[in-house]
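Understanding the architecture of this molecule
What follows is the residue order along each chain.
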Amino acid sequence: MTTDHSLAAQALTLAYGERAVIEDLDLVVPPGRITAIVGANASGKSTLLRSMSRLLPPRRGQVVLDGRSVHRLPAKELARTLGLLPQSPIAPEGITVADLVGRGRHPHQGMFSRWSRDDDAAVAAALEATSTTTLADRAVDELSGGQRQRVWIAMALAQQTDLLLLDEPTTFLDVSHQIEVLDLLTDLNRTRGTTIVMVLHDLNMAARYADHLVALAGGRVHSAGDPADVLTQECVRAVFGLESRVVVDPTSDKPLMLPIGRHHMAAPAGALGERT
Amino acid sequence: MTAGLLPSPAVVDAVAQGRLHRASRRRWVVLVLAALVVVAFAASLMIGRTSYPPLDVLRVVLGEDVPGASFTVGRLRLPRAVLAVVAGLSFGLAGVTFQTMLRNPLASPDVIGITSGASAAAAFAIVFLGWDGTAVSVTAIVAALGIALLVYALAFKDGVAGTRLILIGIGVAAMSRSLTSYVLSRAGAWDFAEALRWLTGSLNGTSWDATVPALLALLVLAPVLLAQGRQLSALLLGDDTASALGVRVERTRVLAIVAAVGLLAFATAACGPIAFVSFLAGPIAARVVGPHGSLLVPAALVGALLVLVADLVGQFALGTRFPVGVVTGVLGAPYLLFLIVRTHRAGGSL
């Protein structure tokens, strides 16, 4: 099962006040794949994601979903196709997991329509997919960081959108929880064909999990494509201003970036089978 | 099909059961609250210097002429009790709307100056301009909207942060109250009890002339707010998440602010800023209903119950007759302190 929704930014310029953050940017999100957006701090990656989910109106250009500008689509119609998990979502005090996940059904319910069996099924499926079934009656504020992040993803899943945008879904998580969340998103993509677009700050995680890697620098796309082609020493230098080696990760066969700091530059060139 | 596409029926049933359980608790709480409001309303019609049996009261309410009771109940107690319910519902609804929208129990309109602004304007219109009736209500609503805009504008800096808004609102509330005091000090002919109406809120001497505009405002504006109930609860998840769920955040906010400010202003023009009802209704409702679904209806009922009971207590339980706002103030002030102490203990800011 794959979805064939097309999502693209066209000549997009985004600004806060006078300061342009994204300038004249073009980006096509490959349907049914996992796209990761990387870039230095303040490179505009979160801003871009916010605009793609219509939280930020463009100064110029547009974000197009299936041929229509997202900023002109009815709010609920958009929310049935495209979901967003913001960087730091807020859980109301004392809310239980099942109730929070149920909030994901909002775009599927009209003003007077009652909660249906479909809604229950969607919530149950979201709980099962994220292994949070046993947490259903717990209060969200009592959960660990990793559990909480799974619950938020469950809420986004209950929304049953074919496209899911996530802003740094692994921030504040330790490495095992990071892997857990990224594995979960990969499962989702492989079993349901959900198109995933995520902003990640960890370049190596991005290269490992993305089918399509987008590197932002100076408000523009520096390079985009297969991680093996995008993640190069030249790219790391241009995007992060950092010297590095890029080797092949023996566990995933994906590129792995090893930063070179002023105190660590000992390994002889070529010894690690680098890509330049 | 893979796991995760089709949920197991047992989990679906568990989800459905949990939801029905929450819904039924909520229904019960709302029913009990509504019943308590009816009881308190009946009690305020029956109890007084002369008490009347339920049957006499019922006959008066149905329009029959009962010697003695017709005047006392029909002319004195009925408008007062109706206004208590209307004002309680209005303050409760408006309070929980602001608290939900700004995600902070301290952000209720009586803490951030909107109610006291309406009160100052109403007192000013009556004392200095000699206005009454609708003109006073309109002045109150214009002032309340103006104060809401002023607080919002002063707090605006790259979006509105809750803490800044609350602190600015507390300042604006202090200014409004000092303006009210000034106006009252210039009104020589007024008695002290009448002055208290504009300082703490009072139902003494309520007539139908004061009650009817507030009742009409409630009938028009409450449905507007209730229609936004689900959107408002979604705002508790943060603007970004709410928007991602298909809520039109700005539209919801504007509708809610206008409706809530209107409710407050009309109620305040009738009975003054009954202290802390807006502030208390939402948190009490949240405590009894639990954190599920919209708090609008439970908070409105709690508001009505607070005003009715506080008015009964103020009139009959304390020896001297106190205005209703003195009693609610005694309840509200410790809770305000408790909230501030708790947030500081938790290491948070306001």
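Residues numbered from 1 in each chain as written. Chains lettered and ligands numbered in written order. Predicted model: local features only at pLDDT ≥ 70, side-chain atom pairs only at ≥ 80, totals over all residues.

This paragraph deals with the overall build of chain A. The number of helices and strands found in chain A is nine helices and 12 strands. Here the C-alpha radius of gyration of chain A, 19 Å, is about what a compact globule of 276 residues would show, namely 19 Å. Seen along its three principal axes, the alpha-carbon backbone of chain A occupies a region of about 65 × 45 × 35 Å. Taking all 276 residues of chain A together, 48% fall into the buried category. Partitioning the intrachain contacts of chain A with sequence separation of at least 6 by distance along the chain shows that 67% fall at a separation of at least 24. (Helix = DSSP H or I, 4+ residues; strand = E, 2+ residues; numbered from the N terminus. Rg over C-alpha atoms; globule rule 2.2 N^0.38 Å. Buried ≥ 20, exposed ≤ 12 C-beta atoms within 10 Å, placed from the backbone. Contact = placed C-beta atoms within 7 Å.)

A word on the environment of B:Leu55. Residues and elements named next belong to chain B. As for its position among the elements, Leu 55 is in helix 2 (residues 54–61). We classify Leu 55 as exposed; it has 10 C-beta atoms within 10 Å. As for Leu 55 and Ala 210, which are separated by 155 residues in sequence, their C-alpha atoms are 27 Å apart.

Attention shifts here to the sheet that holds strand 2 (residues 19–29) of chain A. All names here are of chain A. What the four strands build is an open sheet, ordered 2-1-4-5; its pairing is antiparallel. At either margin of the open sheet sits one strand with a lone partner, and together these are strand 2 and strand 5 (68–69). Relative to strand 2, strand 1 (residues 7–16) is paired through seven bridges, and the arrangement is antiparallel. Note that in strand 2 the partner of Tyr 16 across the bridge is Arg 19. (Pairing = 2+ DSSP bridges.)

All names here are of chain A. Both faces of strand 6 (residues 82–85) are covered, namely the face carrying Leu 82 and Leu 84 and the face carrying Gly 83 and Leu 85. Bridge analysis of strand 6 against strand 7 (residues 163–167) gives four bridges, and the strand direction is parallel. Opposite Gly 83, over in strand 7, you have Leu 164 as the bridge partner.

Keep in mind that these numbers describe shape and distance, not what the molecule does.
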